[in-house]
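Summary of the model geometry
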Amino acid sequence: MGDTTLKRSLGLWAIVGLGLGYMTPTIVFDTFGIVSEETNGVVPLAYLTALMVMLFTAISYGKMVQVFPSAGSAYTYTRETMNPHLGFLVGWAALLDYILLPMVNALIIRIYMVSVFPSVPAWIWVVTYVAAVTAINVWSMGKTSNLNSLLVVFEIVLIGAFIVLAFIKLSQGMGQGTIFTTDPLFHSNVQLGAVLTGATVVCFSFIGFDAVTMYAEEAVDKKTLPRAIMLTVFIGGAIFFVAGYFAQALFPDISGFKVTDDTLPEIGLYVGGTLFQLIFLAGAFAATVASGLASHASVSRLLYVMGRNGVLPKRLFGYVHPKFRTPAFNVILVGVVSLLAIAPSLELISSFINFGALIAFTFVNLSVIAYFIFRQKRYKTGKDLFSYLVMPILGAASTGILWANLQADALIGGIVWVIIGFFYLLFQTKFFKIKTADFAFEDADRNTSL
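Positions within a chain are numbered from 1, following the residues in the order the chain's sequence is written. Confidence filtering applies because this is a predicted model: local features only for residues at pLDDT of at least 70, side-chain atom pairs given and counted only at 80 or more, and all residues used for totals across whole chains, interfaces and linings. As a rule here, side-chain values cover all heavy atoms of the structure and leave hydrogens and water aside.

Things to note about the overall build of the protein chain
Short version of the rule: Each helix is a run of DSSP H or I of at least 4 residues and each strand a run of E of at least 2, with the numbering of both proceeding from the N terminus. Within these notes, the globule rule equals 2.2 Å times the number of residues to the 0.38 power, and the radius of gyration is based on C-alpha atoms. Each residue is placed in one exposure class: buried if its accessible area under a 1.4 Å probe, protein chains only, is under 20% of its type's maximum, exposed if it is over 50%, and partly exposed if it falls in between. Any two residues whose heavy atoms approach within 4.5 Å at even a single point are treated as in contact. Using the Shrake-Rupley algorithm and a 1.4 Å probe, accessible areas are obtained, with residue cover drawn only from the displayed protein chains.
Each helix and strand in the protein chain was counted, giving 19 helices and 0 strands. Taken over C-alpha atoms, the radius of gyration comes to 22 Å for the protein chain, in line with the 22 Å a tight globule of 450 residues would show. Each principal axis of the C-alpha atoms in the protein chain carries an extent, and together these give about 65 × 55 × 40 Å. Counting all 450 residues of the protein chain, 57% fall into the buried class. The contacts in the protein chain between residues at least 6 apart in sequence include a share of 82% that link residues at least 24 apart. Accessible surface for the protein chain amounts to roughly 18100 Å². Of this, 69% is attributable to carbon and sulfur atoms.

Set out below in structure tokens:
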């Protein structure tokens, strides 16, 4: 069992597809009403602001994944560049974010299916969906990637169809009545604080580029990871911005929506009629399944890294199935947790997601400084100072601005989760009398064996 490793089977575009699947591009329509209300009608500006923040952090991820080509993401980088105990707490905080996303997808599926089949008990849809996603993830990472790619292509095609229909509707006088308008980006009632609040709401949509680093040990060529990260951010950000622009141009305010918490069904109806609404819902369903596959795979690999290195019980969390070459125990555990989607509301779960994401983003930027400036002494040229100090400082500062706009319930809940992790760390290290386990990086060639 100790010699069984993750299988290197993912190319550049397969990884980008997993990242985009994680980001769920159609989420821009689900949250449109919420973000439009928060920003007073400048949804694309909120996405553009979030994209600028994410670009700084994406560059930092690209630097760190080359130095530490191991699954684990922010947990790995903080642990190796700063302190193992701090690394654990960062990983613990990020774990909240990662482990809730599969549950959110299961909950969304429950909402979709109950709306179509109200007489069927909700728990049946949750159990069926979770069982299917869990089985696919246990079976093969390659199968997960292939199915995810098909679903991502489907949803992108549907977003393209929406843009074409929006183009026609705007030409016919709907909404702003013009295709080219600056109102979705700026108007007299725009306030910076409101835009930042909106950017905080949508920043979780970019988590896909962070999840990309989880596949470092399953990439055919680890050198493709920085490119995959940047492509995921740019492609995802472009989709969010363009779709948000056309949606905002069509619906300058949300007074015409009956349900503002999830506006996707009504957007599809108003733009293309009943038939397109059904197709649009099918695309949203596909997007949710794609995100479920990717998020389920990612959190299971975060648990695998923490288990492989003894931070969590190694026998369970560090286990790789000898036949399927996947972290089967972790995949099943995430499935069990996702079953909790039977009861709670979407708002209750999603309110905590940004906490873990912003923790991870902040410490990845700080890890660049810790490694390149303090350890490697890369500060003797202006180029190095800009690359390894100025850029990550801007990244950390920009995520800090989003921190200031977190909702109180997300902040309180996240802090409680971190406190639980701190007490677990005290128990594990016997009140810091012993060190947490060190990372033992796998040989790249060894990982390519079948």
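Read on for the rest.
Some thoughts on the nonpolar core
Worth spelling out the cut-off: Only buried residues count toward a nonpolar core. Its members are Ala, Val, Leu, Ile, Met, Phe, Trp, Tyr and Cys residues joined through side-chain atoms within 4.5 Å.
One finds Phe29, Tyr61, Phe162, Phe206, Phe209 and Ile267 to be the most contacted residues of the largest nonpolar core, which totals 130 residues. The leading source of residues in this core is helix α6 (residues 84-116), at 20 residues. Discounting chain neighbours no more than four positions away, the residues touching Phe162 are Phe29, Ala243, Phe246, Ala247, Leu250, Ile267, Val271, Phe276 and Phe280.

As for helix α4 (residues 43-67)
Applied cut-off: Expected helix span is computed as 1.5 Å times (number of residues minus one).
With 25 residues, α4 extends 36 Å between its outermost C-alpha atoms, agreeing within 8% with the 36 Å of an ideal straight helix rising 1.5 Å per residue. Counting buried positions over the 25 residues of α4 gives 18, a clear majority of the element.

With respect to the side chain of Ser60
By the secondary structure assignment, Ser60 is in helix α4. Residue classification places Ser60 among the buried positions, given a relative accessible area of 2%. Each residue touching Ser60, except ones within four places of it in the same chain, is listed here: Val364, Asn365, Val368 and Pro392.

Focus on helix α18 (residues 408-428)
In an α-helix, one full turn covers 3.6 residues, which means residues spaced three or four apart are oriented alike. Taking 1.5 Å of rise per residue, 21 residues should cover 30 Å, and α18 covers 30 Å from first to last C-alpha, within 8% of that figure. Those residues of α18 that fall on the buried side of the exposure criterion are Ala410, Gly413, Gly414, Gly421, Leu425, Leu426 and Gln428. Where α18 is buried, its residues contact α6 and α16 (353-375). Within two residues after α18, Lys430 carries a phi angle of roughly 55 degrees, on the positive side.

Points about the confidence of the model for the protein chain
Just so we agree on the cut-off: Per-residue confidence from the prediction method is given by pLDDT, with values spanning 0 to 100.
Per-residue confidence for the protein chain gives a mean pLDDT of 83; residues scoring 70 or more make up 90%. No element of the protein chain has a lower mean pLDDT than helix α19 (residues 444-447), which averages 30, and none a higher one than helix α11 (residues 225-250), which averages 93. Low pLDDT, under 50, characterises residues 438-450; the predicted model gives this stretch 30 contacts beyond four residues in sequence or across chains.

A short note on a nonpolar patch on the surface
Heads up, the rule is: Every patch collects residues that have over 30% relative accessible area and no salt bridge, joining them within 9 Å if they carry like charges and within 5 Å if they are nonpolar side chains (Val, Leu, Ile, Met, Phe, Trp, Tyr). The salt bridge definition used is simple: a Lys or Arg side-chain nitrogen within 4 Å of an Asp or Glu carboxyl oxygen.
Together, Leu411, Ile415, Ile419, Phe422, Phe423 and Phe432 give the surface a local cluster of nonpolar side chains, amounting to about 520 Å² of exposed area. Note on placement: Phe422 falls in helix α18. Using a relative accessible area of 32% as the deciding quantity, one classes Phe422 as partly exposed.

Brief notes about the side chain of His187
The following threshold applies: As used in this structure description, the phrase polar contact means that two N or O atoms lie within 3.5 Å; if the pair is within protein, one of them must be able to donate a hydrogen and the other to accept it, and residues adjacent in sequence are counted only when both atoms belong to side chains.
Mapped onto the fold, His187 is located in the loop between α8 (141-171) and α9 (192-202). Judged by its relative accessible area of 18%, His187 falls in the buried class. A polar contact is formed between the side chain of His187 and the backbone oxygen of Asn40, at a distance of 2.9 Å. In this structure His187 touches Asn40, Gly41 and Val42, once residues within four positions along its chain are discounted.

Considerations on empty space enclosed by the protein
Formally: Points on a 1 Å grid, built from protein atoms alone, make a cavity when a 1.4 Å probe fits but cannot get out and make a pocket when they are open with protein on both sides within 12 Å along at least 5 of 7 lines; residues with an atom within 4 Å of a point are the lining residues. Grid points are joined across faces, edges and corners, and a volume is the space filled by probe spheres set on the points. Asp, Glu, Lys and Arg are counted as charged, while Ala, Val, Leu, Ile, Met, Phe, Trp, Tyr, Cys and Pro are counted as nonpolar; the rest, among them Gly, fall into the polar class.
Using the criterion set out here, one finds 2 cavities of 30 Å³ or more in the structure. Taken as a whole, the largest cavity spans an internal volume of roughly 50 Å³. Pro102, Tyr129, Val130, Val133, Thr134, Gly292, His296 and Ser338 together form the lining of the largest cavity. At the level of elements, α7 (122-139) and α12 (264-308) are the ones that each hand at least two residues to the lining of the largest cavity. Here the lining of the largest cavity gets 4 residues from one element, more than from any other, and that element is α7. Residues of the lining of the largest cavity, tallied by class, amount to 4 nonpolar, 4 polar and no charged. There is about 40 Å³ of room inside the second largest cavity.

What to know about unusual backbone geometry
Unusually for a residue other than glycine, Asn40 sits at a positive phi of about 60 degrees. Within the secondary structure, Asn40 is located in the loop between α3 (32-39) and α4. Residues other than glycine seldom take positive phi values, yet Lys377 does so here, at roughly 60 degrees. Looking at the element boundaries, Lys377 is found in the loop between α16 and α17 (382-403).

Things to note about the packing of aromatic side chains
Put simply, the rule is: The criterion for an aromatic pair is that two Phe, Tyr or Trp rings (for Trp, the six-membered ring) have centres within 6.5 Å, with stacked assigned to planes under 30 degrees apart, edge-to-face to planes over 60 apart and tilted to the rest.
Scanning the model with the defined rule gives 27 aromatic pairs in all. Judged by centre distance (5.1 Å) and plane angle (25 degrees), the ring pair of Phe276 and Phe280 falls under stacked. With a gap of 4 residues between them, Phe276 and Phe280 both fall in helix α12, about one helical turn apart. Following the ring pairs from residue to residue traces out a cluster consisting of Tyr61, Phe68, Tyr77, Phe361, Tyr371, Phe372 and Tyr388.

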